[in-house]
Amino acid sequence: MDAAVKVATVKLLINGEFVESKTTEWRDVVNPATQQVLARVPFATQDEINAAVAAAKEAFKTWRKTPIGARARIFLKLQQLIRENMAELAATLTAEQGKTLPDAEGDVFRGLEVVEHASAIGNLQLGELANNVANGVDTYTVLQPLGVCAGITPFNFPAMIPLWMFPMAIATGNTFVLKPSEQDPMVTMRLCELALEAGVPPGVLNVIHGGEMAVNAICDHPDIKAISFVGSTKVGTHVYNRASLNGKRVQCMMGAKNHAIILPDANKEQTLNAIAGASFGAAGQRCMALPVVVLVGEAQKWLPDLVAKAKTLKVSGGTEKGTDVGPVISCAALSRIEGLIERGIADGATLELDGRKPNVPGYEKGNFVGPTIFSGVKPGMAIYDQEIFGPVLSVVAAKDLDEAIEFINANPNGNGTAVFTQSGAAARKFQEEIDVGQVGINVPVPVPVPLFSFSGSRASKLGDLGPYGKQVILFYTQTKTVTARWFDDSTAGQGVNTTISLK
Ligand code: NAD
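Overview of the structure. Nothing here was measured: the structure is a model prediction, and the numbers come from that model. (Residues numbered from 1 in each chain as written. Predicted model: local features only at pLDDT ≥ 70, side-chain atom pairs only at ≥ 80, totals over all residues. Heavy atoms only, no water.)

## Brief notes about the nonpolar core
Right, so step 1: Counting 68 residues, the largest nonpolar core has I261, I275 and I373 as its most contacted members.
Right, so step 2: For this core, the leading source of residues is helix α10 (residues 268-280), giving six residues.
Right, so step 3: Excluding residues that lie within four positions of it along the chain, I373 makes contacts with F280, L303, L306, V307, A310, T350, L351, E352, L353, L393 and V395.
Right, so step 4: If you look at the next biggest cluster of nonpolar residues, it comprises 64 residues, including F75, F176, L194 and F454. (Core = buried A, V, L, I, M, F, W, Y, C linked by side-chain atoms within 4.5 Å. Buried < 20%, exposed > 50% of the residue type's maximum accessible area, 1.4 Å probe, protein only. Helix = DSSP H or I, 4+ residues; strand = E, 2+ residues; numbered from the N terminus. Contact = heavy atoms within 4.5 Å.)

## Digging into empty space enclosed by the protein
Right, so step 1: The tally for this structure, following the rule as stated, stands at two cavities of 30 Å³ or more.
Right, so step 2: In this structure, the largest cavity encloses a volume near 100 Å³.
Right, so step 3: Lining of the largest cavity is provided by 13 residues; of these, G284, R286, P291, E387 and F389 occupy positions nearest its centre.
Right, so step 4: By residue class, the composition of the lining of the largest cavity is seven nonpolar, three polar and three charged.
Right, so step 5: Considering only enclosed or pocket space, the second largest cavity measures out at about 40 Å³ in volume.
Right, so step 6: K257, N258, H259, I408, N411, N413, G414, N415, G416 and V436 are the residues that line the second largest cavity. (1 Å grid on protein atoms, 1.4 Å probe; cavity = no way out; pocket = protein on both sides within 12 Å on 5 of 7 lines; lining within 4 Å. Points joined across faces, edges and corners; volume = space filled by probe spheres on them. Nonpolar A, V, L, I, M, F, W, Y, C, P; charged D, E, K, R; others polar.)

## Some details on the environment of G231
Right, so step 1: Looking at the secondary structure, you find G231 in the loop between β10 (224-230) and α9 (233-245).
Right, so step 2: Using a relative accessible area of 18% as the deciding quantity, one classes G231 as buried.
Right, so step 3: For the pair G231 and F155, spaced 76 residues apart in the sequence, the C-alpha separation amounts to 8.2 Å.
Right, so step 4: The residues touching G231, leaving out its near neighbours within four places in the chain, are P154, M253, M254 and G255.

## Re the site of the ligand
Right, so step 1: Around the ligand, a shell composed of 28 residues is seen, among which T153, E182, S232, M254 and E387 lie nearest.
Right, so step 2: One nitrogen or oxygen atom from the side chain of E182 is found 2.6 Å from an oxygen atom belonging to the ligand.
Right, so step 3: Here S232 contributes a side-chain N or O atom positioned 2.6 Å from an oxygen atom of the ligand.
Right, so step 4: Here the ligand has 840 Å² of accessible area as a free molecule, and 87% of this is covered by the chains.
Right, so step 5: Judged by the proximity of its atoms to the pocket grid, the ligand belongs to the largest pocket. (Near = heavy atom within 4 Å. Polar contact = N/O pair within 3.5 Å; in protein donor to acceptor, adjacent residues only side chain to side chain. Areas by Shrake-Rupley, 256 points an atom, 1.4 Å probe, with all protein chains shown as cover. Sits in = over half its atoms within 2 Å of the grid points.)

## Here's the deal with the sheet that holds strand β22 (residues 477-485)
Right, so step 1: If you walk across this open sheet you meet the three strands as β5-β6-β22, and the pairing is antiparallel. The strands lining the two open edges of the sheet, one partner per strand, are β5 (129-134) and β22. In this sheet, neighbouring strand axes are inclined to one another by 30° on average, regardless of whether the strands run parallel or antiparallel. (Pairing = 2+ DSSP bridges. Axes fitted to C-alpha atoms, helices over the stretch in contact; angles between N-to-C directions.)

## Notes on the pattern of salt bridges
Right, so step 1: Under the criterion given, the structure shown has 22 salt bridges.
Right, so step 2: K57 is paired through a salt bridge with D223; the nearest N and O atoms lie 3.4 Å apart. Highlighted residues: K57 in helix α1 (residues 46-63) and D223 in the loop between α8 (212-220) and β10, separated in sequence by 166 residues.
Right, so step 3: Among the charged side chains, a network of salt bridges with common partners joins E88, R190 and E193. (Salt bridge = Lys/Arg side-chain N within 4 Å of Asp/Glu carboxyl O.)

## Observations concerning the packing of helix α6 (residues 160-171) against helix α7 (residues 186-197)
Right, so step 1: One can describe the packing of α6 onto α7 by two numbers: an axis separation of 10 Å at closest approach and a directional angle of 30°. With respect to each other, α6 and α7 are oriented roughly parallel. The crossing of α6 and α7 is right-handed. Across from P162, L163 and F166 in α6, the residues of α7 making contact are T188, L191, C192 and A195. (Parallel < 35°, antiparallel > 145°, perpendicular 65-115°, else oblique. Left-handed = near helix turned anticlockwise from the far one by under 90°.)

## Description of the environment of A346
Right, so step 1: Mapped onto the fold, A346 is located in helix α12 (residues 331-346).
Right, so step 2: Judged by relative accessible area, A346 falls into the exposed class, the value being 66%.
Right, so step 3: In this structure the C-alpha to C-alpha distance between A346 and M381, which are 35 residues apart in sequence, comes to 9.3 Å.

## Examining the sheet that holds strand β18 (residues 416-420)
Right, so step 1: As summarised here, the arrangement of the seven strands in space is β14-β15-β16-β13-β12-β18-β19, forming an open sheet in which the pairing is mixed. At either margin of the open sheet sits one strand with a lone partner, and together these are β14 (350-353) and β19 (438-441). Going across the sheet, the axis of each strand differs from the next one's by a mean of 25°, ignoring polarity.
Right, so step 2: Looking at chain direction, strand β13 (residues 292-296) and strand β16 (residues 392-398) are connected through five bridges and run parallel. Counted as the bridge partner of V296 is A398 from β16.

## With respect to the pairing of β5
Right, so step 1: Two strands pair when backbone bridges link them, and β5 and strand β6 (residues 137-145) are joined in this way by three bridges, in the antiparallel orientation. Across the sheet, residue A134 finds its bridge partner in β6, namely V137.
Right, so step 2: Here β5 folds back onto β6 in antiparallel fashion, the turn holding two residues, of which G136 has a positive phi close to 70°.

## Quick notes on the pairing of β10
Right, so step 1: The buried fraction of β10 is high, at six of seven residues.
Right, so step 2: Examined bridge by bridge, strand β7 (residues 148-152) and β10 share five bridges and lie parallel to one another. By the bridge assignment for β10, C149 is matched with A226.
Right, so step 3: Here five bridges tie β10 to strand β11 (residues 249-253), and the two strands are oriented parallel to one another. Paired with I227 across the two strands is V250, which belongs to β11.

## Here's the deal with the packing of aromatic side chains
Right, so step 1: For the structure on display, the rule yields seven aromatic pairs.
Right, so step 2: Ring centres 6.3 Å apart and planes at 75° place the aromatic pair Y363 and F368 in the edge-to-face group. Considered together, Y363 and F368 belong to a single accessibility category, that of buried residues.
Right, so step 3: Taken together, a centroid distance of 5.0 Å and an interplanar angle of 75° make the contact between F475 and Y476 edge-to-face. (Phe/Tyr/Trp six-rings, centres within 6.5 Å; stacked < 30°, edge-to-face > 60°.)

## A word on the layout of surface pockets
Right, so step 1: Its boundaries defined by the atoms lining it, the largest pocket holds a volume of some 1200 Å³.
Right, so step 2: Lining the largest pocket are 49 residues, with F155, G231, S232, T233 and V235 positioned closest to its centre.
Right, so step 3: Among the secondary structure elements, those contributing two or more residues to the lining of the largest pocket are α6, α8, β10, α9, α12 and α13 (382-385).
Right, so step 4: By residue class, the composition of the lining of the largest pocket is 23 nonpolar, 18 polar and eight charged.

This is the structure we're talking about:
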């Protein structure tokens, strides 16, 4: 980077102030379509991380007692501010992440839904009461906040995933320290500015930046009670183990290799459109993308149509009208994806469509790879065994639904899956027998709305509870069970009870 060009710095958020880091370690935030440096992000020092946690710890003393209505109204205001700023948020997201403008709006919108959900916190955080569990005795539960919680987020949804985390954590009465992806922190920071504008008090939401050191500091900090992580399986497993050993509550939503089954009775046009969108949209950088398709029986004849459909997709900068596939996040990601395509060929898969080095007028420096399709893919090949996280689709053949289900269940990941069929019986069999946490029936990217919880399973998830929906209330709270008896002066003494039974 030309040192003479003054580039904006991304700030830390500590105790309600957006502050410049004193670190000496910085990294460029780069537009993946053009390589333009948009900003510089600091890797916060240990002192800065400690200051963020200390601010959160102090703020918790009052925030935990803030009335439900006051908490809820902040999220009502925040959802309004997000709506009002949607175009700007999407533009920032596209610039730093690369996805198309409509998809960037989708990213913000899916997070906005969680903010709306957080504004219903009064209903969500209700306890339970059983009257007269013994003579004059009632038992009830209260769901109390834990204290300082933390979130660590990936690059691929820089609006949605931070919004999975801090609104629900704060709405339940916790305070929060967020560590966004260092690759695209700008839209996340804008959302935090809006959160403060909506009324989140100083210290309740704090942001630090960084990489491995910052994440390890979060895992080790004695004042952090719970961590929500979203990212790769390798890092998530490390976070889970390290933070769990430190006695923290941890949930890790991690890597994926999602499969779709296409049965020959499916609606062909709708199915091919759905597969192309889910496999190549967001340049394949969704944890719920569809990088593997299992064509069953006669549906195997649809491969040429799938290739033809993929060829119609426009590869370009995310701000260009009509773009279907934007750039991948970084030069490093691009060379990893191109390397895996090389390995697919070397491992003996058939390259049906080669998206490498596409011609993208006006974006010659961008990190582009177009839709790529392999057939004849088998377990043991790197393109099958690894999460490619690019627009590369592997096509597999199966003779029937049983064989296809068995194939998917043999894959260690369990994030998402889908079946395409017009048979209710086949769909129900799939739903019952598939060992994957999120199931689509003629729905290619079955990410649940926040009335439900994100529910990836097996190797895609560590920890019991999902990041939003009802489950997250339990994640961010401690259930306290109260058993109470009140005497009035007229109650006769009951004598000494040396048993454990309540009378
Ligand atoms: P990543 O694991 O590289 O980064 C995630 C976070 O961990 C970032 O904040 C990063 O700064 C930090 N980090 C990176 N390397 C680290 C290290 N060595 N030690 C400690 N912390 C480290 O993930 P990514 O590339 O940003 O995101 C893509 C991955 O996230 C994919 O595997 C994708 O499947 C997964 N993902 C999963 C879900 C889900 O819900 N299951 C959702 C989105 C993304």
